[in-house]
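Fold and contact review
Below are the chains, spelled out letter by letter.
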Amino acid sequence: MDNKTSNTIDFAAAREAIRSYSLKRGAVAVGICEAELVERIAPPGFGPLAILPGARSVISIGVTGCTRGTWKSTAKVMTFIGNSVGPIYRASFGLSFFIEKTFGYPSIFVPPHVDPEYGARVPIQSLKLHAELAGIGARSMAGDILLHPEYGLLYYGSVITEMPLPTDPPMAENPCPAPACVELYRRQGRTPCQKFCPVDCLSGTIDDTGEIDEMVCDMARCAEMCQQYENMPNIIDDAITADEVLDREEALYGAESQAFFYKVTSAVGATHAQCFECMRVCPVVTGAPQADPIRMGEAARKA
Ligand code: SF4
Ligand code: SF4
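Described below are features of the structure shown in this document. What you see is a predicted model, and the numbers here were worked out from it, not measured in a lab.

Remarks on the overall build of the protein chain
Along the backbone of the protein chain there are 15 helices and eight strands. The C-alpha radius of gyration of the protein chain comes to 21 Å, within 12% of the 19 Å expected for a compact globule of 303 residues. Taken over the C-alpha atoms alone, the protein chain extends approximately 75 × 50 × 40 Å along its principal axes. Here the protein chain holds 303 residues, and the buried ones make up 34% of them. In the protein chain, the share of contacts with a sequence separation of at least 24, taken over all contacts with a separation of at least 6, comes to 71%.

And the structure:
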């Protein structure tokens, strides 16, 4: 379908229709920012125009994380059910079709994947930047993970469209650091996320007014805990270079390798986002008013 002429479209109403569709598909937060704004801030070649040359707007949506019970479970259980990437794919993929079908503007679901030219840790687009500029998340002291004052930790997806839409401002206030974190920092010199990171990859300072002064994340250490992108070559390398048959067998068939192959071949559990310790102890993640997915669902249905 061609674009409907702009004078037949009520863009404010269209914005509400997009919001309403996203909420019905499982999102709890929806924000929109100008593609041009993202383009100015993203590194060259990583802005919206790189994947949709006529891009005018970026729509960011957030879905809920896990239940309260999951947050109380063990780290190994959380590696299987801690994240919510499935629902976010479905909601944002559907939204791109909804916009094209309803309003006629070319739209694209942003692949939440890596840029194949740059290896395993450079995304095609920063979904985090989209969400931040669209006002549905603010950068925290926990490695810049976005937090939302109402919903805590969300999983984000984006749609880029040629449709010009009314935008939302970035959040006026950052929920991080929470008052309890400032207090702990004043007493012990560390926030909860810094204190409980198992590999000490978080550091930084809070200023006299209780705001983030500096956030430092040793991404290499965090990545080693969170991601298994290098597992396969490591297993092969260990097997090839093993001097003894038993060592080779351990590399190929040991418990760790078996668990990895199980996840990959059965597509159960994640090979990324496996460590949740900084989020488990975050008072915003577990204590925000709508942090409980059950309450979130009720609020979404009401909306
Ligand atoms: S995800 Fe784990 S390793 Fe990474 S910063 Fe958080 S606690 Fe540390
Ligand atoms: S625990 Fe959460 S709120 Fe507190 S400093 Fe860390 S990320 Fe911010």
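Once you've had a look at it, read on.
Observations concerning helix α7 (residues 179–188)
For α7, the set of buried residues is C181, L184 and Y185. Around the axis of α7, the buried residues are gathered within 100 degrees of arc, so they sit on the same side. Exposed residues lying more than 90 degrees from the buried face of α7 are P179, R186 and R187. At its buried positions, α7 is contacted by α8 (192–196), β7 (202–206) and α14 (283–287). The positive-phi residue at the C-terminal boundary of α7 is G189, with phi of around 80 degrees.

Points about the site of ligand 1
Lining the immediate surroundings of ligand 1 are A142, G143, C197, V199, C201, L202, C222, M225, C226, C275, E277 and C278. Broken down by secondary-structure element, the contributors of at least two residues to the shell around ligand 1 are α9 (219–226) and α13 (277–280). Looking at which element gives the most residues to the shell around ligand 1, the answer is α9, with three residues. A breakdown of the residues in the shell around ligand 1 according to their chemical character gives 10 nonpolar, one polar and one charged.

A word on the site of ligand 2
Around ligand 2 lies a shell of 13 residues, among which C176, C181, T191, C193 and C282 are the nearest. At the level of elements, α8 and α14 are the ones that each hand at least two residues to the shell around ligand 2.

What to know about the nonpolar core
Counting 63 residues, the largest nonpolar core has A29, I59, C193, C278 and C282 as its most contacted members. Here this core takes five residues from helix α5 (residues 85–103), the largest share from any one element. Filtering out sequence-adjacent residues up to four positions away, C193 remains in contact with M141, A142, L202, C278, V281 and C282.

With respect to the pairing of strand β2 (residues 57–63)
Among the seven residues of β2, seven are classified as buried, and the element is accordingly described as predominantly covered. Residues S57, I59, I61 and V63 of β2 are buried on one face, and the alternating residues V58, S60 and G62, pointing to the opposite face, are buried as well. In this sheet, β2 lies alongside strand β1 (residues 29–34) in antiparallel orientation, the contact comprising six bridges. What sits directly across from C33, in β2, is V58.

Section: the pairing of strand β6 (residues 155–161)
Most of β6 is tucked away, with seven of its seven residues classed as buried. Sheet analysis places β2 next to β6, joined by seven bridges and oriented antiparallel. Bridging across to β6, G62 finds its partner in Y156. As paired strands, strand β3 (residues 107–109) and β6 are joined by three bridges and run antiparallel to one another. Its bridge partner lying in β6, S107 is registered against T161.

Things to note about the sheet that holds β3
Read from one edge to the other, the open sheet built from four strands follows the order β1-β2-β6-β3, with strand pairing classed as antiparallel. Every interior strand has two partners, whereas the edge strands, β1 and β3, have only one. Going from strand to strand, the sheet's axes swing by 20 degrees on average, the running direction of each strand aside. Its contacts with the sheet put helix α1 (residues 11–24) on β1 and β2, and the angle it makes with β1 is roughly 140 degrees. Contacts from α5 reach β2, β3 and β6, with the element oriented near 15 degrees to β6.

Examining the environment of Q194
Of note, Q194 is situated in helix α8. Classification of Q194 as buried rests on a count of 23 C-beta atoms within 10 Å. It is 7.2 Å that separates the C-alpha atoms of Q194 and C278, two residues lying 84 residues apart in sequence. Sequence-distant contacts of Q194, that is, excluding residues within four places in its chain, are made with L202 and S203.

So, unusual backbone geometry
The omega torsion of the bond from C176 to P177 falls at 0 degrees, within 30 degrees of zero and hence cis. Within the secondary structure layout, P177 lies in the loop between β6 and α7. A positive phi angle is found at D200, which is not glycine, with a value near 55 degrees. With respect to the helices, strands and loops of the structure, D200 is situated in the loop between α8 and β7. Owing to 11 C-beta atoms within 10 Å, D200 belongs among the exposed residues under this scheme.

Conventions used here
Residues numbered from 1 in each chain as written. Chains lettered and ligands numbered in written order. Predicted model: local features only at pLDDT ≥ 70, side-chain atom pairs only at ≥ 80, totals over all residues. Helix = DSSP H or I, 4+ residues; strand = E, 2+ residues; numbered from the N terminus. Rg over C-alpha atoms; globule rule 2.2 N^0.38 Å. Buried ≥ 20, exposed ≤ 12 C-beta atoms within 10 Å, placed from the backbone. Contact = placed C-beta atoms within 7 Å. Arc of directions from axis to C-beta. Near = placed C-beta within 6 Å. Nonpolar A, V, L, I, M, F, W, Y, C, P; charged D, E, K, R; others polar. Core = buried A, V, L, I, M, F, W, Y, C linked by C-beta atoms within 7 Å. Pairing = 2+ DSSP bridges. Axes fitted to C-alpha atoms, helices over the stretch in contact; angles between N-to-C directions.

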